[in-house]
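Next come the chains, spelled out residue by residue.
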Amino acid sequence: MKALSLTNLDRITELNFNRTDDVGAVGGLLSISKLKNLQILKAQNNKLDNVLFSAGNNPKIEELHLSNNLIRSLTNFQTINSLEYVDLSGNSLSLSDVDTVLTTLDSSGITDGTVKLEGTNALPTLGKYNTAKLSLETKNWTVTVNGGVDARFTAAQLYQEDSTTTNTADHPDWEGNSSQDSWNNDLPNGAMTCSSSFKSIRTTDTIKARVGDTINVSITYDYGTNILTTDTDPNPHINQRSFMVSLVDIGAFPQASENIMNHEHVSFMAKFLPLSYQNSTGYVRLFQGNPATGQPDFQIGSNVAIPLSAVNSGTTGDTFTLQFSITLGANAASTVVTASLTNDTDGFSVSGSGTLNTTQLANFYSSLVSPTSNIKLNIQTGKLTDLNIGKINVYSATARVN
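This write-up is about the structure you can find in this document.

### What to know about the nonpolar core
Stage number 1. Counting residues in hydrophobic clusters, the biggest one holds 50 residues, and the most contacted among them are Trp 174 and Tyr 221.
Stage number 2. Among the elements that line this core, the one with the most residues is strand β26 (residues 392-401), at five residues.
Stage number 3. Of all hydrophobic cores here, the second largest spans 37 residues; its members include Leu 64, Phe 77, Val 101 and Val 115.

### Here's the deal with the pairing of strand β14 (residues 191-194)
Stage number 1. The alternating pattern of β14 places Ala 191 and Thr 193 and Met 192 and Cys 194 on opposite faces, both of which are buried.
Stage number 2. The sheet contact formed by strand β13 (residues 184-186) and β14 spans three bridges and is antiparallel. Opposite Asp 186, over in β14, you have Ala 191 as the bridge partner.
Stage number 3. Where β14 meets β26, three bridges bridge the pair, whose relative direction is antiparallel. Paired with Thr 193 across the strands is Asn 393, a residue of β26.

### Structural notes on the sheet that holds strand β6 (residues 63-65)
Stage number 1. One open sheet holds the six strands; their spatial order is β2-β4-β6-β8-β9-β10, and the pairing between them is parallel. A single partner strand is all that each edge strand has here, and the edge strands are β2 (14-16) and β10 (142-145). Averaged over all adjacent pairs, the angle separating strand axes in this sheet is 5°, with direction ignored.
Stage number 2. Pairing geometry for strand β8 (residues 85-87) and strand β9 (residues 114-117), over three bridges, is parallel. Bridge pairing in β9 places Val 86 opposite Val 115.
Stage number 3. Along the sheet, helix α1 (residues 95-107) makes contact with β8, β9 and β10, crossing β9 at roughly 175°.

### Remarks on the environment of Thr 131
Stage number 1. In this structure, Thr 131 sits in helix α2 (residues 131-138).
Stage number 2. Between the alpha carbons of Thr 131 and Leu 102 there is a distance of 8.9 Å; along the sequence they are 29 residues apart.

### Focus: the pairing of strand β22 (residues 319-327)
The side chains of a regular strand alternate between both faces of the sheet.
Stage number 1. Here strand β16 (residues 214-222) pairs with β22 via nine bridges, running antiparallel. In the strand pairing of β22, Asp 222 is matched with Thr 319.
Stage number 2. Pairing of β22 with strand β23 (residues 336-343), which is carried by eight bridges, proceeds in the antiparallel orientation. Counted as the bridge partner of Ile 326 is Val 337 from β23.

### Focus: the pattern of salt bridges
Stage number 1. On inspection of all chains with the given rule, the structure shows eleven salt bridges.
Stage number 2. Of the charged contacts in the structure, one is a salt bridge between Arg 72 and Asp 213, with a shortest N-O distance of 3.7 Å. On the criterion of sequence distance, the pair formed by Arg 72 in the loop between β6 and β7 (73-75) and Asp 213 in the loop between β15 (200-203) and β16 is long-range, its members being 141 residues apart.
Stage number 3. Between Glu 137 and Lys 133 there is a salt bridge; the shortest N-O distance is 2.7 Å. Residue Glu 137 and its partner Lys 133 are both found in helix α2; the two are separated by four residues, about one turn of the helix.
Stage number 4. When salt bridges with common partners are traced through the structure, they connect Glu 175, Arg 202, Glu 258 and Lys 376 into a single cluster.

Conventions adopted
Residues numbered from 1 in each chain as written. Predicted model: local features only at pLDDT ≥ 70, side-chain atom pairs only at ≥ 80, totals over all residues. Heavy atoms only, no water. Core = buried A, V, L, I, M, F, W, Y, C linked by side-chain atoms within 4.5 Å. Buried < 20%, exposed > 50% of the residue type's maximum accessible area, 1.4 Å probe, protein only. Helix = DSSP H or I, 4+ residues; strand = E, 2+ residues; numbered from the N terminus. Pairing = 2+ DSSP bridges. Axes fitted to C-alpha atoms, helices over the stretch in contact; angles between N-to-C directions. Contact = heavy atoms within 4.5 Å. Salt bridge = Lys/Arg side-chain N within 4 Å of Asp/Glu carboxyl O.

Coordinates in, geometry out; function isn't part of it.
Quick look at the structure:
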């Protein structure tokens, strides 16, 4: 791998070192800050990790062809206001850099452009409903962003509540069974809600990641306003899952099998435990699901749980945030997983970490890094009626590569 720095080359208007493979690939930092007359830069399929621009010295650059590199940062990009075509797909840009690209292009005032940010870059703030993205589209820009979701269930993100579009599965970001009462929009409360047992909904867009990336998932929800009770089922690990969030390799709805346990996945479950569990008075505890059995075999946070007394709050219902992240190492054993469940109302939390080092989870790792997989966020209710929950409300759902 070679490093490349170009300075004081004022006569260059187009620079092209596109690659089709790794042979002779240019890596590291690419500085074009002194190329005062550069209009077109082509450096696709290299190993660049940063590109340095200059406020005063790159006034004419119109096209950037930088797809399929390792770019994690764009230095001084916000100073460029002449771009009409930007292809940064298949890099590893952070959330802040993706946001900067969109806001910079939007503030330039240029119309009829193209910007490609899909692939392994971070999803922008608010995802497809990023303010700068929407503004660019009104200026006739073609804008593509990475898969995933950053949902707030409001009219601003095109969630509706009328006779034809109440079901959340009718929204372009989600898929599932819209022919029955399952997940529905609740605009007055800014939520999607479900009152049926074992109902799933998943994102339509797939999440692409590669070694070194981190996938972050965060779901904020509550269990409705009923007084919550512990689970008295004699076999709660099998029969009672009150809430489950998964990343699953699954195609477009419907599949031959919609059960995520039949697909490569990793799941995290917040569930009510019985009064007899560890001689307790009842807990909500976080588990990691076993892809082989579908059971919550791996406890997250040993001997730590949220007491049921902290969950109950009379008639208002406490809000919880379930979060997990997966940082992709070179293999499953070096891939780090962290998870947490927090009662946002009362401040109680449980957290833990581990690795994807079992056979089943190693298979899931292979799906994560495969360019042909369809990793999606899936949200599933549990056996709501047995736990006096009644319904689950989800107020925000985020799944993104950072």
